[in-house]
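These are the residues of each chain, in order.
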Amino acid sequence: MPMLSLACVVIAAARIRVCYFVLAECAMAREFSPEMVRIASEYRKRDVQFELLHEDLSVSTIAMRAHANEFGFVFSVGVDRHHLASKHAHITRVPSAAVYDSAGKVLYAGRIDDRYIKFGTLQSRIKHHDLRTALDRALSGKPKLAKQYESVGCYIPD
């Protein structure tokens, strides 16, 4: 697993790029980790690149590696220095995802799905798979989603 400190908005060879925003100690972000890995596994086959960015600026390389190994993140992992990527995508909570085109334009920024209806309260059934919908639309060349929902989770520290 490569360790990077570059922001996700850097123009990449991939047509579509996804950046996951997390805090290693946020229980809600940790709960989403298996779904984040599943999405990456499925969409990498369709020329989508993934990166995991830690928003806790004091996180060590050892802690990032341990977090990535614990949950099976096999793509680039780094720290969003000065919260540049999260600010660019208007992300204020984790876990969140942003989808970028090859020019670095944000196509989607928000929750991964609607499993939480409020902080700490799970729905009995996920109804909206927002990130998957955004990726499918981006890959088919459709415009960005009309409505983007903010993640229900831990706030990114200042």
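Residues numbered from 1 in each chain as written. Predicted model: local features only at pLDDT ≥ 70, side-chain atom pairs only at ≥ 80, totals over all residues. Heavy atoms only, no water.

A. Spotlight on the packing of aromatic side chains. For the structure on display, the rule yields five aromatic pairs. A ring pair is formed by Y20 and F75, whose centres lie 6.1 Å apart and whose planes are at 45°; its orientation type is tilted. Placement of Y20 in strand β2 (residues 16-22) and of F75 in the loop between α2 (61-71) and β4 (76-79) is noted, with a sequence separation of 55 residues between them. Residues Y20 and F75 agree in their burial class; the two are buried. Residues F73 and F75 carry aromatic rings whose centres are separated by 5.5 Å and whose planes lie at 75° to one another, so their mutual orientation is edge-to-face. When sorted by exposure, F73 lands in the same class as F75, which is buried. (Phe/Tyr/Trp six-rings, centres within 6.5 Å; stacked < 30°, edge-to-face > 60°. Helix = DSSP H or I, 4+ residues; strand = E, 2+ residues; numbered from the N terminus. Buried < 20%, exposed > 50% of the residue type's maximum accessible area, 1.4 Å probe, protein only.)

B. Structural detail: the pairing of strand β7 (residues 106-110). Of all five residues that make up β7, five are buried, and the element is covered over most of its length. Strand direction decides the pairing type here: strand β6 (residues 96-101) and β7, joined by four bridges, are antiparallel. Paired with A97 across the two strands is G110, which belongs to β7. Turn length for the β6-β7 hairpin, with the two strands adjacent in sequence and antiparallel, is four residues, and the turn residue G104 shows positive phi of about 90°. (Pairing = 2+ DSSP bridges.)

C. Representation of unusual backbone geometry within the structure. Following V94, the chain continues to P95 via a peptide bond in cis, the omega torsion being 5°. Within the fold, P95 resides in the loop between β5 (93-94) and β6. The residue H82 is not glycine, and still its phi comes out positive at about 60°. Locating H82 in the fold gives a position in the loop between β4 and α3 (84-88).

D. Up close: the confidence of the model for the protein. Averaged over every residue, the pLDDT of the protein is 85; residues scoring 70 or more account for 85%. Between residues 1-6, whose pLDDT stays under 50, and residues either more than four places distant or in other chains, the model counts 22 contacts. (pLDDT = per-residue confidence, 0-100. Contact = heavy atoms within 4.5 Å.)

E. A look at the packing of helix α1 (residues 27-43) against α2. Relative orientation of the contacting elements α1 and α2 amounts to 65°, with a least axis distance of 9 Å. Judged by the sense of rotation from one axis to the other, the crossing of α1 with α2 is right-handed. When α1 is examined against α2, the residues R30, S33 and V37 are found in contact with a partner set consisting of H67, E70 and F71. When the residues that make up the contact of α1 with α2 are grouped by side-chain class, the tally is two nonpolar, two polar and two charged. (Axes fitted to C-alpha atoms, helices over the stretch in contact; angles between N-to-C directions. Left-handed = near helix turned anticlockwise from the far one by under 90°. Nonpolar A, V, L, I, M, F, W, Y, C, P; charged D, E, K, R; others polar.)

F. The pairing of β6, seen in detail. With respect to burial, β6 is a largely interior element, five of its six residues being buried. Two elements, β2 and β6, share six bridges in a ladder whose sense is antiparallel. Bridging across to β6, F21 finds its partner in S96.

G. Examining the pattern of salt bridges more closely. Applying the stated criterion across every chain yields a total of eight salt bridges. Between R132 and E42 there is a salt bridge, with the nearest N and O atoms lying 2.5 Å from each other. Taken together, the residues R132 in helix α4 (residues 130-139) and E42 in helix α1 connect sequence positions 90 residues apart. Note that R46 and D136 form a salt bridge whose closest N and O atoms lie 3.3 Å from each other. With a gap of 90 residues between them, R46 in the loop between α1 and β3 (48-54) and D136 in helix α4 connect regions that are remote in the sequence. Judged by its relative accessible area of 40%, R46 falls in the partly exposed class. (Salt bridge = Lys/Arg side-chain N within 4 Å of Asp/Glu carboxyl O.)

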